[in-house]
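Overview (structure and organization)
Spelled out from the first residue to the last, the chains are:
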Amino acid sequence: MTPEFDLIARYFTRPQPHTELGIGDDAALIAVPPGHQLAISADMLVAGTHFFADAAPYGIGWKSLAVNISDMAAMGAEARWATLAIALPEIKEAWLAEFSRGFFDCADRFGVSLIGGDTTRGPLTISVQIMGIVPQQQALTRSGAKAGDDIWVSGPLGTAALALAAMQGHYPLTADALAECSVALHQPQPRAALGLALRQLAHSAIDISDGLLADLGHILQASQLGADIRFADIPLSPITRQHIADNAVQSFVLGGGDDYELCFTAPSAKREQIATLGRQLGLSLGVIGQTRAQAGVDVYDADNTRLDIKKTGFDHFQ
C-alpha cells in the first residue's frame, strides 16, 4: 500500500452510516430519503488565514468539520455526510492522529459520516464538503425574511474575535481569559439542533462566520430589507462583557467573525416559543432588533444613539 493510501486507511477510514458505498471506490454512493432534498456546502481552511500554522491539530480537525455543520444548521438541514481533501507539507504521524481525532469527535457528536476525499502534498489546506438532508419545502434560506421580523442570534458574539486579537498581540487578555476565549475560536459549536427546530419557526437564517453585520447583511440583501439593531441586546460572554466599553471589542462583536452562531429572523408572534426552545437547548438566544422595509442597517446603543460602524465583517480579499 502506498503512503497516501496507508494514510487514508489509518487515519480516515471508519464505518459510514447512511451510506450505500463509502471510502474505497472512485465515488461514494448515498441515497436521499423520499420527500427530502440534498443540501450541500463546502469550506476551505488554509494555514495562516483560517488558523495559525502551529495551532493544535485537534482543534483544526474539529473546526474544519464544525464550520460546515454550521452551514447545514443555517439551512435547517440534518448533516449526514462529508468528504475531506487535505494538502499536507509532510506526513507527521502525531499531527494526523490528533487532527483525525478532532475531526471524528466532531463527526460523532453531530452524526456525520466521512465518505471520501483526497490527500496530496502542499501547503497545509483543508477542504471539507458536507451534505445533509432537509424535507422538501422546509429549508431555511436567506431570502425569506419579512419586514417587522425579530432578528435573533443563538449565542454570544465576539468571543472568538477577541481571542484572535489577543493571540495576534492586538488586544491584552490575561492567560486565563485567553484560554477561555480560545475555546470559541478553536472549537465552535454548530447549532445543529436549533437549526432543525427553526424549520417551523423562522423565516430566514444564516450562520455567522464573517461577522454579524456582514452575514445579517446577506439576509437583508436577499430579502430586500433593512434592519435596526440594539447593541445592548446582543448576547455576550462574561469576558467579552468585561471589555465591552472598548470600541475595539464592540467591533469584534459586530464584525469580528468566527462566531458560528445562527442569525435568524422570525415573526414576533413566535417570540415566546423560540425563547422556550432556547431554554430547552441551553442556548442564550437573544432578540437583537427588527427588520424593516427601508434598506440599510442602523445600530443603536443603550441611550438610542446610532453607532458609527467602521467594520461590518471579514473579507478574504481586503
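Residues numbered from 1 in each chain as written. Predicted model: local features only at pLDDT ≥ 70, side-chain atom pairs only at ≥ 80, totals over all residues. Heavy atoms only, no water.

Description of the environment of D149
Heads up, the condition is: The way it works is that DSSP assigns letters per residue, a run of H or I at least four long becomes a helix, a run of E at least two long becomes a strand, and they are numbered from the N terminus. Three labels apply to residues, based on accessible area from a 1.4 Å probe with only protein chains included: buried if under 20% of the type maximum, exposed if over 50%, partly exposed otherwise in between. It only takes one pair of heavy atoms within 4.5 Å for two residues to be counted as in contact.
Turning to its location among the elements, D149 is positioned in the loop between β4 (125-135) and β5 (150-153). Accessibility expressed as a relative area gives 3% for D149, which makes it buried. Linking D149 and A202, residues 53 residues apart in sequence, is a C-alpha distance of 9.2 Å. Sequence-distant contacts of D149, defined by excluding residues within four places in its chain, comprise H203, T265, A266, P267, G289, Q290 and T291.

Some points on the UniProt feature "domain: PurM-like N-terminal" (unreviewed entry) in the protein
This is how it is decided: UniProt positions are given in the numbering used here, feature names are shortened, and annotations may be inferred rather than shown by experiment.
When the UniProt feature table is mapped onto this chain numbering, "domain: PurM-like N-terminal" (unreviewed entry) sits at residues 24-134. For residues 24-134, the helix share is 32%, the strand share is 37%, and the end-to-end C-alpha distance is 27 Å.

A short note on the pairing of strand β7 (residues 226-230)
Just so we agree on the cut-off: We treat two strands as partners when DSSP finds at least two bridges between them.
Pairing of β7 with strand β9 (residues 286-292) involves four bridges; the strand directions are antiparallel. Pairing of G226 across the sheet is with R292, part of β9. Sheet topology note: the β7/strand β10 (residues 296-300) ladder contains five bridges and is parallel. If you follow D228 over to β10, its bridge partner there is D298.

A word on the environment of I151
The residue I151 is located in strand β5 in this model. Between the C-alpha atoms of I151 and T265, which are 114 residues apart in sequence, the distance is 4.6 Å.

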